[in-house]
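# Structure at a glance
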Amino acid sequence: MMKMIAGGWLLVLHISIFLPSVCRIHAVSYDYSATTECLIEPQRAQYEGGIISNPDFTHGIQGWTVFGQGAVKEGISNDGNRYIVAHSRSQPLDSISQEVRLEKGKLYSFSAWVQINGGRGNVAVVFKMSSGELVRGGQVTARNGCWCLLKGGVFANISSRAEILFESKTTEAEIWVDNVSLQPFTMEQWRSHQDESIDKERLGKVRFEARYANGTAIEGAGFSIKQTKSDFPFGCCMNYHIINSTDYQHWFALRFRHTTFTNEMKWYSTEKIQGQENYTVADAMVSFAQKNSISIRGHNIFWDNPKYQPEWVKNLTSDELRKAAEQRIESVVSRYAGQLIAWDAMNENLHFNFFEDKLGKNATAEYYARAYQLDPDTTMFLNEYNTIEDCRDEKANPFNYMTKLDEILSYPGNQGISAGIGLQGHFGSGQPNLAYMRSSLDILGSTGLPIWLTEVDVGKDPNQAEYLEQVLREGHSHPAVKGIIMFVGPANAGFNNTVLADKDFKNTPAGDVVDKLIDEWKFQTKEIKADGKGSIEIPLFHGDYNITIKDPVSSSLTAFSYKMTKDVTRDTVHLRINA
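Residues numbered from 1 in each chain as written. Predicted model: local features only at pLDDT ≥ 70, side-chain atom pairs only at ≥ 80, totals over all residues. Heavy atoms only, no water.

### Brief notes about the overall build of the chain
For the record, the criterion: Only runs of H or I of at least four residues qualify as helices and only runs of E of at least two qualify as strands under DSSP, and these elements are numbered from the N terminus. With the radius of gyration taken over C-alpha atoms, the globule rule is written as 2.2 Å times the number of residues to the power 0.38. Buried means the residue's accessible area, taken with a 1.4 Å probe over protein chains only, is under 20% of the maximum for its type, while exposed means over 50%, and partly exposed covers the values in between. In this description, contact between two residues means that some pair of their heavy atoms is separated by no more than 4.5 Å. Working convention for charge: Lys and Arg count positive, Asp and Glu count negative, and His plus the chain ends are omitted. Taken as the charge centre is NZ of Lys, CZ of Arg, CG of Asp or CD of Glu, depending on the residue.
Looking only at helices and strands, the chain features eleven helices and 30 strands. Against the globule reference of 25 Å for 579 residues, the chain gives a C-alpha radius of gyration of 27 Å, in line with a compact fold. Counting only C-alpha atoms and orienting by the principal axes, one finds that the chain spans roughly 85 × 65 × 50 Å. Relative to its full complement of 579 residues, the chain shows a buried share of 56%. Within the chain, residue pairs in contact and separated by at least 24 positions form 76% of the contacts whose partners lie at least 6 positions apart. For the chain, the distance from the average position of its 58 positive side-chain charges to the average position of its 69 negative side-chain charges is 4 Å.

### Description of the packing of aromatic side chains
Stated precisely, the cut-off is as follows: Geometry of aromatic contacts follows a simple scheme: Phe, Tyr and Trp rings, the Trp one being its six-membered ring, pair when their centres are within 6.5 Å, and the pair is stacked under 30 degrees between planes, edge-to-face over 60, tilted otherwise. Geometrically, a charge over a ring is one whose NZ (Lys) or CZ (Arg) sits within 6 Å of the ring centre while staying within 35 degrees of the ring normal.
Under the defined criterion, the tally for this structure stands at 28 aromatic pairs. A ring pair is formed by Tyr30 and Tyr32, whose centres lie 4.7 Å apart and whose planes are at 75°; its orientation type is edge-to-face. Overall, the relative accessible area of 24% leaves Tyr32 in the partly exposed class. Through a chain of ring-to-ring contacts, three or more aromatic side chains come together here, namely Trp267, Phe302, Trp312, Phe354, Phe355 and Tyr367. Here the basic side chain of Arg438 rests over the ring of Trp190, its NZ or CZ set 3.6 Å away from the ring centre. Between the NZ or CZ atom of Lys526 and the centre of the ring of Phe523, over which it lies, the distance is 4.7 Å.

### Observations regarding the sheet that holds strand β11 (residues 160-167)
The criterion, for reference: In this analysis, strands are considered paired if DSSP registers two or more bridges between them. For helices, the axis comes from a line fit to the C-alpha atoms of the stretch in contact; other axes are also lines fit to C-alpha atoms, and the angle between any two N-to-C directions lies between 0 and 180 degrees.
Pairing is antiparallel in the open sheet, where five strands are placed in the order β3-β6-β11-β8-β9. Every interior strand has two partners, whereas the edge strands, β3 (65-67) and β9 (134-143), have only one. Across the sheet, the mean angle from the axis of one strand to that of its neighbour is 35°, orientation sign disregarded. Note: strand β8 (residues 120-129) against β9, nine bridges, orientation antiparallel. In the strand pairing of β9, Gly121 is matched with Ala142.

### Some thoughts on unusual backbone geometry
Cis geometry is adopted by the peptide bond preceding Asn300, which originates at His299 and carries an omega value of -10°. Its place among the elements puts Asn300 in strand β17 (residues 295-303). A positive phi angle, near 60°, is found at Phe505, a position not held by glycine.

### Focus on the UniProt feature "domain: GH10" (unreviewed entry) in the chain
Put simply, the test is: UniProt positions are given in the numbering used here, feature names are shortened, and annotations may be inferred rather than shown by experiment.
Summarizing the sequence annotation, UniProt attributes the feature "domain: GH10" (unreviewed entry) to residues 219-517 in the numbering used throughout. Here residues 219-517 is 37% helix and 21% strand, with 35 Å between the C-alpha atoms at its ends.

### With respect to the pairing of β9
In terms of burial, β9 is a largely internal element, seven of the ten residues being buried. The loop that links β8 with its antiparallel partner β9 comprises four residues; one of these, Gly132, has a positive phi angle of about 100°.

### Structural notes on helix α7 (residues 363-374)
Short version of the rule: The length a helix should cover is 1.5 Å for every residue beyond the first.
Taking 1.5 Å as the rise per residue, α7 with twelve residues should run 16 Å; its terminal C-alpha atoms sit 17 Å apart, in good agreement. When we look at burial in α7, the residues that qualify are Ala363, Thr364, Ala365, Tyr367, Tyr368, Ala369, Ala371 and Leu374. Considering only its buried residues, α7 is in contact with β17, α5 (318-336), β18 (342-347), α6 (354-359), β19 (379-384) and α8 (398-409).

### Here's the deal with the pattern of salt bridges
Rules: Any Lys or Arg side-chain nitrogen found within 4 Å of a carboxyl oxygen on Asp or Glu counts as a salt bridge.
With the rule as written, the count across this model stands at 25 salt bridges. With a closest N to O distance of 3.4 Å, Glu103 and Lys106 form a salt bridge. With its nearest N and O atoms 2.9 Å apart, the salt bridge here joins Glu469 to Arg473. Taken as a pair, Glu469 and Arg473 lie in helix α10 (residues 464-477) at a separation of four residues, close to a single helical turn.

### Some words on the state of the cysteines
Test applied: Cysteine sulfur atoms that come within 2.5 Å of each other are treated as a disulfide pair.
Inspection of every chain in the model, using the stated rule, returns one disulfide. Between Cys38 and Cys146 runs a disulfide, and the two sulfur atoms are separated by 1.9 Å. Between Cys38 and Cys146, the S-S torsion sits near 100°, and that sign places the bridge as right-handed. Of this pair, Cys38 sits in the loop between β2 (8-14) and β3 while Cys146 sits in the loop between β9 and β10 (148-155), and the two are 108 residues apart along the sequence. Considered together, Cys38 and Cys146 belong to a single accessibility category, that of buried residues. Cys236 takes part in no disulfide bond, and the closest cysteine sulfur to it belongs to Cys237, at a distance of 4.7 Å. For Cys236, a relative accessible area of 0% translates into the label buried.

### Description of the sheet that holds β10
What the five strands build is an open sheet, ordered β4-β5-β12-β7-β10; its pairing is antiparallel. What marks the edges here is a single partner per strand, and that holds for β4 (71-76) and β10. Across the sheet, the mean angle from the axis of one strand to that of its neighbour is 35°, orientation sign disregarded. Relative to strand β5 (residues 82-87), β4 is paired through six bridges, and the arrangement is antiparallel. Paired with Ala71 across the two strands is His87, which belongs to β5. Those strands touched by helix α9 (residues 434-445) are β7 (107-116) and β10, and its axis lies near 155° from that of β10.

Spelled out as C-alpha cells, the structure:
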C-alpha cells in the first residue's frame with residue numbers, strides 16, 4: 001500500500017503478527033480468559049488447578065471435605081464429567097472445603113465453575129483464615145442447568161492456613177462445583193504480567209527503511225523520532241478552581257489531555273433553583289479544555305443516589321420529576337452534544353434507584369435512549385463503584401453490573417447505543433486486592449465493551465503512592481481497559497484524599513508516581529543511526545509521531561509523520577527522500 005506523507009512518500013506494509021513479549025521475570029503466564037455465559041459443560045481448570053488438590057474431581061471427592069452442617073457427594077454428568085455437590089444445607093457457608101497455605105505478600109488467582117440446582121442465586125468463594133477471619137474472593141450469579149465461571153482472587157496480608165469455602169444464601173439449593181483453581185503469584189511475577197501485556201496491547205513494532213529516490217539505501221541515516229500524541233487516554237479530573245488559577249491551568253495542561261469535571265456538569269450544579277439553569281462554570285471549563293486540546297468525559301446526566309439530587313428535586317411528585325428530568329436531559333445533552341467523548345448517563349445505578357422508585361423500573365433505560373437520540377456519536381457509560389475495588393460489595397459485582405447493563409441495552413430502541421463500562425476505582429487505604437481487580441476486568445472485558453477506569457483514587461496511607469502506582473499499572477496493562485481518569489489533583493484546588501501537588505504545586509509522592517507513569521507510557525524522543533541498509537527497528541506506543549531523517553552526506557533534513565495504530569502489531573515503512 002502506497003501513502004503520500006509530508007516530506008516525501010512511503011510504502012507501508014502491514015504484517016499482522018504478534019510481538020514477542022519480553023519476559024523480564026520467569027513466571028507462569030496469567031490466564032485472562034473469562035466469560036459471563038452459562039455453559040452446558042464447564043471448561044478446564046485454569047493453571048491445571050494450581051495448588052488445589054484434585055481440582056477436577058477425577059478422583060471423586062478425595063481432598064475435599066464438608067464444611068458446616070450440610071453434606072457432600074460426588075456428581076457425574078451424562079457424559080461422565082465428575083464434580084462435587086454440597087447438599088442438605090441450612091446455612092450460607094454450608095459447602096465443600098479444602099485447606100491451602102497462603103504465603104504473605106503473594107497474590108492468588110481463583111476460579112471455579114459452579115451451578116445451583118434450583119433457580120438462580122449468588123455463589124461466593126470465601127477464604128476462612130486460621131484466625132477465623134472470613135475473606136471474600138469473588139462471586140457469581142449461578143444458575144440451574146448450566147455452569148458459570150466464578151473468578152476472583154485475594155492478596156495474602158499474612159502467611160496463614162486457609163479453608164476455601166463456597167457461600168450461597170440460597171440455602172435450599174445444592175451447590176455444584178467443578179474445575180477449581182488457585183494459582184499463587186509473587187508481586188514480581190504479577191508485575192511481569194503487566195509488562196508483557198503492555199508490550200502486546202499498547203505497543204507495535206515498526207521497521208523504518210530510508211532510501212534515496214533512486215532506491216539506494218541511506219547507510220547511517222540519522223533518525224529522530226518524537227511522539228506527539230498518545231492513543232491511550234490517561235487523564236485527571238478538574239474542578240472549578242481551574243477557571244481562575246493560572247498555576248492550576250499550567251499544571252494541568254502540562255500533563256493531561258483527558259478530563260472529567262468533578263461536579264460542574266451535575267444537575268445540582270447547573271440548576272440549583274428550579275427553572276434557573278446556569279452553565280457559566282461548566283462552559284468556562286469546557287472552553288479551557290478545548291483551547292488546550294483536552295478531551296472531556298461528561299459527568300453526569302443523572303445520579304441515582306437520592307442524596308445528590310438538587311434540593312428542589314427531592315420532594316417532587318412522580319409527574320413533576322418526569323417533566324423536570326426531561327428538561328434536564330434535553331438541556332445538558334443538547335448543550336454539549338458532539339463536544340464530549342463520553343457521558344456517564346446514569347451514575348451509580350447498581351447501588352441506588354431514585355429514578356426507578358419514582359418513575360418505574362425502565363427509567364434508566366429510557367434516559368439512555370433519549371441521550372443516545374440527542375448525542376448519537378458519544379459513548380454512554382454506566383458508572384459504578386466497588387466493581388473492581390471491593391469484592392465484599394455484592395450489589396456491584398461484575399455479574400450484577402452486566403445484568404443491569406444488559407437490561408438497559410436490551411430496552412427497545414437502545415440496541416444501537418455505543419455503550420461503555422465505567423468503573424470508578426475509589427480504592428480505600430491498605431493494599432489493593434489486585435487479584436480481584438484483574439479478575440473483574442477479565443470478566444467484564446469478555447463482553448467486548450470498552451472499559452474505562454473513571455474516578456481512580458487511593459485512600460490516605462503511608463504507602464499511598466505505591467498503592468496508586470499498583471492500581472494505575474493494573475488498569476493500563478489490562479487488555480480490556482481503554483482509558484483511565486484519576487479523581488486526584490493539587491491541594492490548591494481542594495483535593496485532600498489523593499493529592500498530587502502541594503499548595504506551591506510541588507509534587508507529592510503520589511504526584512511523582514503519576515509523572516513517572518506519564519513518561520513511562522510514552523515514547524521518549526530518540527536519535528538513532530540506521531544500519532548499512534538504511535534501516536532501524538523499534539517498538540512504539542500507539543499514537544502519532546514526527547520523524548526526521550538526516551542525510552549523513554548532505555546533512556539535509558526530511559520530515560515525515562507516522563501513526564502507530566492499535567490494529568497493527570508490526571509495520572515496515574519505506575521512506576524515500578531526495579538526495
